[in-house]
Amino acid sequence: MIRQAVSSLPDDLRQIIVMKEFEDMTFQEISDTLGMPLSTVKSRLYTALKQLRSKLESKPLEIV
Amino acid sequence: MLNNNHNNSSCAFAEQIVSYIYDEVDLSEKTEFELHLKECLKCADELAGLNFAHSSIVEWRKAEFSNLPNFVIPFEETTNEKIVLSNQVSWLNNLRQLFTFPLAKAAVGFAFLIICVGAFLTVFNFFGNNDEVAKNKTVNVAVSESQNSESKQVTENTQTVAEKQDSSSISTTPNEIETRASKTTNLHQIAPRNLVVKTENKSRAVPNYETIAKDVNKSALNNKNKANSEIVKNSAVKNSQVPKLTNFEDEEDKSLRLADLLAEFDDN
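Residues numbered from 1 in each chain as written. Chains lettered and ligands numbered in written order. Predicted model: local features only at pLDDT ≥ 70, side-chain atom pairs only at ≥ 80, totals over all residues.

Asker: So what's going on with the nonpolar core? Residues and values would help.
Answerer: Judged by nonpolar contacts, the single largest core of 19 residues is most densely connected at A:Ile16, A:Leu45, A:Ala48, A:Leu49, A:Leu52 and B:Ile17. Only α1 (2-7), α2 (11-22), α3 (27-34) and α4 (38-63) of chain A together with α1 (14-21) and α3 (41-65) of chain B provide two or more residues apiece to this core. Element by element, the count of residues in this core is highest for α4(A), at six residues. Sequence-distant contacts of A:Leu45, defined by excluding residues within four places in its chain, comprise A:Ile16, A:Lys20 and B:Val18. (Core = buried A, V, L, I, M, F, W, Y, C linked by C-beta atoms within 7 Å. Buried ≥ 20, exposed ≤ 12 C-beta atoms within 10 Å, placed from the backbone. Helix = DSSP H or I, 4+ residues; strand = E, 2+ residues; numbered from the N terminus. Contact = placed C-beta atoms within 7 Å.)

Asker: Go over the interface of chain A and chain B with me, naming the residues and quoting the values.
Answerer: When the parts of a complex come together, some accessible area is lost, and that lost area is often used as the size of the interface. Contacts between chain A and chain B engage 19 residues on the former and 19 residues on the latter. Mapped by element, the contributors of at least two residues to the side of chain A that touches chain B are α1, α2 and α4 of chain A. Broken down by element, the residue count for the side of chain A that touches chain B peaks at 12 residues, all from α4(A). Split into classes, the residues belonging to the side of chain A that touches chain B amount to eight nonpolar, four polar and seven charged. (Nonpolar A, V, L, I, M, F, W, Y, C, P; charged D, E, K, R; others polar.)

Asker: How would you sum up the environment of A:Pro10? Please name residues and give values.
Answerer: Turning to its location among the elements, A:Pro10 is positioned in the loop between α1 and α2. As for A:Pro10 and A:Gln51, which are separated by 41 residues in sequence, their C-alpha atoms are 10.0 Å apart.

Here is the structure:
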């Protein structure tokens, strides 16, 4: 289920989730790697986590 | 019940929720955010929903990827150490570099050595030739001086010889003159010219004329003394002008003069 939720994310948001959760990179390292501001990295990660939360919370509700 | 209406969050600490979840905030910001969470329910709800998503990903990662073998890339750290060691300049390396002559430097040094040796030899030969020329000049001067001295000695000897010959011719008796003349007539035909000079000098007075032998002898002696003196003077002058090592030519000249005188005397 979490695999489907992550794979359903947009590419830019999934890229941030993979770099932060699987590569254990800091915000500064992600911003340096992608060449974007630190605030953008934080906002994108915030958005990605919110979409995952919604997808994870919506499925059980749908099942229920 | 979970609240799905989280998109309307407009709190100023919304971005700090992510930093707080991943523990990348300062201590002061952390305490400040925790104080804010006690007051703001929306932020607390957001933190709970985002932390749920984060924890679900961490559980999925552990369940799916923890059993996978860790792929370790071999990294040769010794290469870096070798590079560092090679970059280090030690006194031993400097000493080795000092005694390691490359071929180019060796060739240049050898060529320079050859050029120096050639230049030294040329200079040495130049000064050596100058010394030899100076020596040759001194030798020539010495030889010319010795030749002059020899020529002077020769003239003196010729003078003494002439005087002796005169005295001997004067002291000879008519009998001796006859015998000498008989000998000289034969020798005059056979002997060479130089030998004839002496014999003719002695046989100046031909003994065939016994009556006038003494007068003839006296006149011949006077003429001969004059001729000899002239010859000696001429030879001395010639010797002074042109140095000669022997008196061979002087005697030859003398013989010529004496032969002429004898021929004139015979004619008379």
